[in-house]
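# Architecture at a glance
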Amino acid sequence: MERLLDKTLSRVDSVAQLVLLTCMTVMIAVVASQVFMRYVLNSSIDWADEVSRMAFVWSIFIAIPLGIREGAHVGIDILTSRFPAHVARTVTRIMLALAFVLMCVVTWESIDVAAKTWSERLGAIDISSSYFFVAVIIGSAHAALHLLHLVLHPLDGRGPDYPID
Amino acid sequence: MSLIVIFLFLGLAAFGMPLAFSLGVSALGGLLLAGFDLSVLPPRIMNSVNSFPLMSIPLFMVTGELMLKAGIMDRLVDFANAFVGRMRGGLAQVALLSGAGLASVSGAAVADASALSATLVPSLKKQYGLGFSTGIVAAAANLGPIIPPSGAMIVYAFMAGSTVSVGGMFMSGVVPGLILVTVLMFLCWLIATLRGYPLVGEKASLRNIFYQLRRSFVVFMMPVVVIGGIVGGAFTPTEGAAVGVVYALLLGFFVTRKLKVSDLPEVLLQAAKTSAIVGAMIAYASTVTFLFTIDLLPMKLAALMNDITDSPTMFLILVALMLIVVGMFLESNAAYIMLVPLFHPIAVSYGIDPLHFGFLFVFNLVIGMLTPPVGVVLFVVCGITGVKMGELVRESWPFIVAMYVLLIVCMFVPGIVTWLPHALGY
């Protein structure tokens, strides 16, 4: 079970990194081109705003689970760092389990909302506006997997160390 | 209901749950208790980060990192050395001045702290020992979010809504930032003289100064183009940040030629991950804010403040005291995201200039990054240089005190903060 979760996660993580790189590149390229078009070619790209926001929203939600993997999300450990090791470990597992429940709820509700609003189109590019929610769905599901992994196999503050490449 | 949500949040956060999730779980609890349909969650979570202005956060991060990879630190250090190398505590002065230069192209204290620690501490510690060297670097890193551009100010302006603009916030930090550099350099001179640190640098020569000015010209043109463009109305902050990225790429590839294509993925990924941490907090805080608004909490809080005092000055002092405590325990972005939506409107209702309040708020929490037990800049400097936390704190307190003194001066002399942005039409 642990090996399966490890393997799945490292695969998903590397795909997530590729998606992130794409989103960041698109964001920079589109916003910079918009300025270039306006001042040099005296015209504008009418889809620039929507595309760059889409890339930004995707980059946020896709990057959240990678932050969980690295233990990068800020928290307060003044109290828990004073607990005896086994108590701290149990408390952390409970907290991560609650966060796991949150991510499952968010994933489920987002699927629901996306399905109900799928027919709404964006203004400048002809795709469903629910693609914004697809980022939330994928990111939260991925985050839930990482949290589940941490709940099942806590690694005493070191964080999980599965290979990513 | 708001109280239950607040206590739930504090409880979860105290037991170590990351803040973004503590916010989300406590909002989830509040929604279930109040019998709301959970389908209100996804639109709030998504729409709160679906914002063009917010995009400037990762873009400015990329700009700063690319400028560093392009090797601007060498040029900044040489530049600073030509001017202040011969002063008492010369090398430490160089660190402060190049920290100020770095602050004008980067907007994050954490990034500045790691860059300054890695490049300057090895040579600083040979002259002054590890403690003083790291104290100086930590103080210099704190200039990052005060001198524009500033990630903290972008987050503040975003959370405060339409009453302050990013450009206005940027400009509010310029004069206090310059005063702070001067004060820190004076303190450094004082400490160096008292401890009898030797004069070591070469004499300043006009020829060298001109040479270094020419070499660092390309570095300082970046804030001129980017910040100048934003303030002048040529582009929005987000567009300005993207222009900065292009500028840094051109500089790194064609002028300094130190940037490699293989550096890019790491820079982009790091910026995405760091801004997602802020993004996650904004996204999940929006669910809590939703509950607060239904409960009319902002109005209740405003009424409570009004009962306590009707003096704007007293209000500023109370907020400042609260933020000093908050700054000791809470990461600063989390504090902006949770507290600005509550306190900024109250400040406006007291008739306080929004830029004045905004700057004091940011400056206070920026100093908080240097105050133990929780201070990100301290953590970064300790992590990179290996200095003990106690030693770093012992050597950096004079700088922290100086910053708080400047904060008080800015509180009572609003002109220091608001003169420049007002003169520019903000």
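Description of the structure in this document. This one's a predicted model, so the numbers in the text were calculated from it and none came from an experiment. For every chain, the first residue of the written sequence is number 1, and numbering continues from 1 onward in sequence order. All chains are assigned letters beginning at A, and all ligands numbers beginning at 1, according to the order in which they are written. Totals for whole chains, interfaces and linings use all residues, but because this is a predicted model, local features are given only for residues with pLDDT of at least 70 and pairs of side-chain atoms are given and counted only at 80 or more. Side-chain numbers here rest on the full set of heavy atoms in the structure, without hydrogens or water.

### Digging into the overall build of chain A
- A count of helices and strands for chain A gives four helices and zero strands.
- Only DSSP runs of H or I covering at least 4 residues are called helices, and only runs of E covering at least 2 are called strands; the numbering of each starts at the N terminus. N-terminal to C-terminal, the α/β element order of chain A is α-α-α-α.
- In this description the radius of gyration comes from C-alpha coordinates, and the expected globular size is given by 2.2 Å times residues to the power 0.38. Its C-alpha atoms give chain A a radius of gyration of 19 Å, more than 25% over the compact-globule value 15 Å for 165 residues.
- Dimensions along the principal axes, computed over C-alpha positions, put chain A at roughly 65 × 35 × 30 Å.
- Methods summary: accessible areas were calculated by the Shrake-Rupley approach with a probe of 1.4 Å, and residue burial reflects only the protein chains presented. Of the roughly 8,300 Å² of accessible surface on chain A, a fraction of 64% belongs to carbon and sulfur atoms.

### Notes on the packing of aromatic side chains
- Two aromatic rings from Phe, Tyr or Trp, using only the six-membered ring of Trp, form a pair when their centres are within 6.5 Å; if the ring planes differ by under 30 degrees the pair is stacked, by over 60 it is edge-to-face, and anything between is tilted. Evaluated as defined, the whole model comprises 16 aromatic pairs over all chains.
- When the centroid spacing of 6.1 Å and the interplanar angle of 40° are considered together, the rings of F83(A) and F15(B) count as tilted. Linking F83(A) in the loop between α2 (48-69) and α3 (85-116) with F15(B) in the loop between α1 (2-14) and α2 (19-34), this pair reaches from one chain into another.
- The partly exposed category is assigned to F83(A), whose relative accessible area is 24%.
- Burial classes: relative accessible area under 20% of the type maximum marks a residue as buried, over 50% as exposed, and values in between as partly exposed (1.4 Å probe, protein chains only). On the basis of relative accessibility, which here comes to 33%, the residue F15(B) falls in the partly exposed class.
- Between the aromatic rings of F359(B) and F363(B), the centroid separation amounts to 5.5 Å while the plane-to-plane angle is 35°, which identifies the pairing as tilted. Taken together, the residues F359(B) and F363(B), both in helix α17 (residues 354-368) and four residues apart, mark about one turn of the helix.
- Of the residues examined, F363(B) reaches a relative accessible area of 1% and is grouped as buried.
- An aromatic cluster of at least three residues, connected via ring pairs, comprises Y156(B), F315(B), Y336(B), Y350(B), F357(B) and F361(B).

### As for the interface of chain B and chain A
- At the junction of the two partners, chain B supplies 56 residues and chain A supplies 49 residues.
- Buried area is understood as the total, over both parts, of accessible area removed when two parts are fitted together, assessed with a 1.4 Å probe. Buried area between chain B and chain A, both sides added, is near 4,700 Å², and the carbon and sulfur share of it is 82%.
- For salt bridges, the criterion is a side-chain nitrogen of Lys or Arg within 4 Å of an Asp or Glu carboxyl oxygen. Between chain B and chain A we count two salt bridges in total.
- Of the charged contacts in the structure, one is a salt bridge between R38(A) and E239(B), with a shortest N-O distance of 2.8 Å.
- Any N or O atom pair separated by 3.5 Å or less is treated as a polar contact, with the protein-specific requirement of one donor-capable and one acceptor-capable atom, and with residues adjacent in sequence counted only for side-chain atom pairs. Our count for the contact surface shared by chain B and chain A stands at six residue pairs in polar contact (both at pLDDT 80 or more).
- Looking at the side of chain B that touches chain A, the elements that each hand over two or more residues are α1, α2, α3 (41-49), α4 (56-69), α12 (237-255) and α13 (264-294) of chain B.
- Ranked by residues supplied to the side of chain B that touches chain A, first place goes to α13(B) with 14 residues.
- For this scheme, ten residues count as nonpolar: Ala, Val, Leu, Ile, Met, Phe, Trp, Tyr, Cys and Pro. Four count as charged, namely Asp, Glu, Lys and Arg, and the remainder, Gly too, count as polar. Along the lines of polarity and charge, the residues of the side of chain B that touches chain A split into 44 nonpolar, nine polar and three charged. Residue contacts are defined here by distance: any two heavy atoms, one from each residue, within 4.5 Å place the two residues in contact.

### Observations regarding the nonpolar core
- In this text, buried Ala, Val, Leu, Ile, Met, Phe, Trp, Tyr and Cys residues form a nonpolar core when linked through side-chain atoms within 4.5 Å. In this structure, F61(A), Y156(B), F315(B), Y336(B), F343(B), F357(B) and F361(B) are the most contacted members of the largest nonpolar core, which totals 216 residues.
- By residue number, the principal contributor to this core is α13(B), which donates 18 residues.
- Setting aside anything within four residues of it in sequence, one finds F61(A) in contact with A135(A), V136(A), G139(A), I45(B), M46(B), V49(B) and A283(B).

### Regarding a nonpolar patch on the surface
- Together, W397(B), V401(B), V405(B), I408(B), V409(B), F412(B) and V413(B) give the surface a local cluster of nonpolar side chains, amounting to about 630 Å² of exposed area.
- Relative to the helices and strands, V401(B) is located in helix α19 (residues 389-412). A patch consists of residues exposed above 30% relative accessible area that lack any salt bridge, with like charges linked at up to 9 Å and nonpolar side chains (Val, Leu, Ile, Met, Phe, Trp, Tyr) linked at up to 5 Å.

### Regarding α13(B)
All names here are of chain B.
- Working rule for helices: expected span equals 1.5 Å times residues minus one. Look at α13: 45 Å from first C-alpha to last across 31 residues, which is about the 45 Å you get at 1.5 Å a residue.
- Where burial is concerned, most of α13 is hidden: 23 out of the 31 residues are buried.
- The positive-phi residue at the C-terminal boundary of α13 is L296, with phi of around 55°.

Note that all results are geometric; they support no functional claim without further evidence.
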